[in-house]
Amino acid sequence: MNRTPGRPLRADAERSVRAILAAAERVLAEHPGATVEQIAEAAGVTRTTVHRRFANRQALIDALAVEAAAKLAEAIEDGHPETAPPLVALHRATANVLRVKAAWGFALGPAAAGSEPAARIHEEIARRCVELLGRIQEQGVIAADADLEWVRRVYYALIGEVLHGEPTHPCTPATVGAAATGTITVGTTTAGTTTALDPDALAARIVDTVLHGVGPRPAG
């Protein structure tokens, strides 16, 4: 993003940047090869305005990746992973992540994965995830000898499966959108229909599967 070092953007310029990034996500999610002109039109600004903020199309995509990664980090932070009861934190963070990943499918996907600043944010998110799983392990909910990095990967894969039907890298794009009702639309049936579900309900299923698997529960 072409910002003068040390000088924050004016409020109107900041709004312009946010509008451009939001439009870029909408347009590129539907048409990954969309041009800067198409993005500018969707944002309601001129092509010159876009290039004033972003040197080229790749710079725009890199900024979009950073914006989405930052939203994901905020979603994790909202779960208070260091201070809340760990199971509560994991559930809340999972529901938040589902919402963000559904809304920022392109920016969290492979087409936008080349941004090093975004990659560093994702690395920090992964580190915090393992730490939270470690807190849960200390409570005896996860086996003491479990490989927490493997647990994290399984957890990420379940999120990917919920969003678009296949285990994926945590940054693979969701092919779904967040509905105004707060639900997310997941999966496609053989009849071509989709299902809208509550992110909190989905989070509960993901967390339960990660922590307890799918085998029969012990009696009592």
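Residues numbered from 1 in each chain as written. Predicted model: local features only at pLDDT ≥ 70, side-chain atom pairs only at ≥ 80, totals over all residues. Heavy atoms only, no water.

**So, helix 5 (residues 86-103)**
Side chains three or four residues apart in an α-helix point the same way, a direct result of the helix having 3.6 residues per turn.
Stage number 1. In a regular helix each residue adds 1.5 Å, so 18 residues correspond to 26 Å; helix 5 covers 26 Å between its end C-alpha atoms and thus fits that length.
Stage number 2. Along helix 5, the residues that are buried comprise Pro-86, Ala-89, Leu-90, Ala-93, Thr-94, Ala-95, Asn-96, Val-97, Leu-98, Val-100, Lys-101 and Ala-102. (Helix = DSSP H or I, 4+ residues; strand = E, 2+ residues; numbered from the N terminus. Expected span 1.5 Å × (residues − 1). Buried < 20%, exposed > 50% of the residue type's maximum accessible area, 1.4 Å probe, protein only.)

**Here we look at the pattern of salt bridges**
Stage number 1. All told, the structure shown has 10 salt bridges when counted by the stated rule.
Stage number 2. Among the ionic pairs, Arg-47 bridges to Glu-37, the shortest N-O distance being 2.5 Å. Taken as a pair, Arg-47 in helix 3 (residues 47-53) and Glu-37 in helix 2 (residues 36-43) lie far apart in primary sequence, 10 residues in all.
Stage number 3. Notably, a salt bridge pairs Asp-200 with Arg-99, separated by 3.3 Å at the nearest N-O pair. Residue Asp-200 is found in helix 8 (residues 199-212), and its partner Arg-99 is found in helix 5; the two are separated by 101 residues along the sequence.
Stage number 4. Owing to a relative accessible area of 31%, Asp-200 belongs among the partly exposed residues under this scheme.
Stage number 5. Given the relative accessible area of 30%, Arg-99 is considered partly exposed.
Stage number 6. Salt bridges sharing partners connect three or more residues here, namely Glu-14, Arg-18 and Glu-67. (Salt bridge = Lys/Arg side-chain N within 4 Å of Asp/Glu carboxyl O.)

**Some thoughts on the packing of helix 6 (residues 116-138) against helix 7 (residues 148-164)**
Stage number 1. Across the interface, helix 6 lies against helix 7 with an axial gap of 9 Å and an inter-helix angle of 110°. Here helix 6 lies roughly perpendicular to helix 7, going by the angle between them. Seen along the crossing, helix 6 lies across helix 7 with a hand that is right-handed. Of the residues in helix 7, those in contact with Ile-125, Ala-126, Cys-129, Val-130, Leu-133, Gly-134 and Gln-137 of helix 6 are Leu-148, Glu-149, Val-151, Arg-152, Tyr-155 and Tyr-156.
Stage number 2. Class assignment of the residues belonging to the contact of helix 6 with helix 7 gives a composition of 9 nonpolar, 2 polar and 2 charged. (Axes fitted to C-alpha atoms, helices over the stretch in contact; angles between N-to-C directions. Parallel < 35°, antiparallel > 145°, perpendicular 65-115°, else oblique. Left-handed = near helix turned anticlockwise from the far one by under 90°. Contact = heavy atoms within 4.5 Å. Nonpolar A, V, L, I, M, F, W, Y, C, P; charged D, E, K, R; others polar.)

**Quick notes on the environment of Leu-132**
Stage number 1. Within the element layout of this structure, Leu-132 appears in helix 6.
Stage number 2. Not counting chain neighbours up to four residues away, the residues in contact with Leu-132 comprise Pro-81, Pro-86, Ala-89 and Leu-90.

**Details of the packing of aromatic side chains**
Stage number 1. Under the counting rule described, the total for this entry stands at 1 aromatic pair.
Stage number 2. Judged by centre distance (6.1 Å) and plane angle (50°), the ring pair of Tyr-155 and Tyr-156 falls under tilted.
Stage number 3. Residue placement shows Arg-152 over the ring face of Tyr-156; its charged tip is 4.6 Å from the ring centre. (Phe/Tyr/Trp six-rings, centres within 6.5 Å; stacked < 30°, edge-to-face > 60°. Lys NZ or Arg CZ within 6 Å of the ring centre and 35° of its normal.)

**Quick notes on the confidence of the model for the protein**
Stage number 1. Put simply, the protein has an average pLDDT of 84, and 80% of its residues get 70 or more.
Stage number 2. Across the protein, element-level confidence peaks in helix 6 with a mean pLDDT of 97 and bottoms out in strand 1 (residues 184-188) with 52.
Stage number 3. Scored below 50 in pLDDT, residues 1-7 shows 14 contacts in the model against residues more than four places distant or in partner chains.
Stage number 4. Long-range and interchain partners of residues 187-195, a stretch whose pLDDT sits below 50, account for 11 contacts in this model, where long-range means more than four residues apart. (pLDDT = per-residue confidence, 0-100.)

**Structural notes on the environment of Ala-201**
Stage number 1. With respect to the helices and strands, the residue Ala-201 is situated in helix 8.
Stage number 2. Judged by its relative accessible area of 40%, Ala-201 is partly exposed.
Stage number 3. The sequence separation of Ala-201 and Ala-95 amounts to 106 residues, and the corresponding C-alpha distance is 8.2 Å.

**A few points about helix 6**
Stage number 1. Here helix 6 contains 23 residues, and its C-alpha end-to-end distance of 33 Å stays within 8% of the 33 Å for a straight helix at 1.5 Å per residue.
Stage number 2. Of all the positions in helix 6, only Ala-118, His-122, Ile-125, Ala-126, Arg-128, Cys-129, Leu-132, Leu-133, Gly-134, Ile-136 and Gln-137 are classed as buried.
Stage number 3. Next to the buried residues of helix 6 lie helix 4 (57-78), helix 5, helix 7 and helix 8.
Stage number 4. A distance of 3.2 Å separates the backbone nitrogen of Ala-118 from a side-chain oxygen at the start of helix 6, and that oxygen is part of Ser-115. (Polar contact = N/O pair within 3.5 Å; in protein donor to acceptor, adjacent residues only side chain to side chain.)

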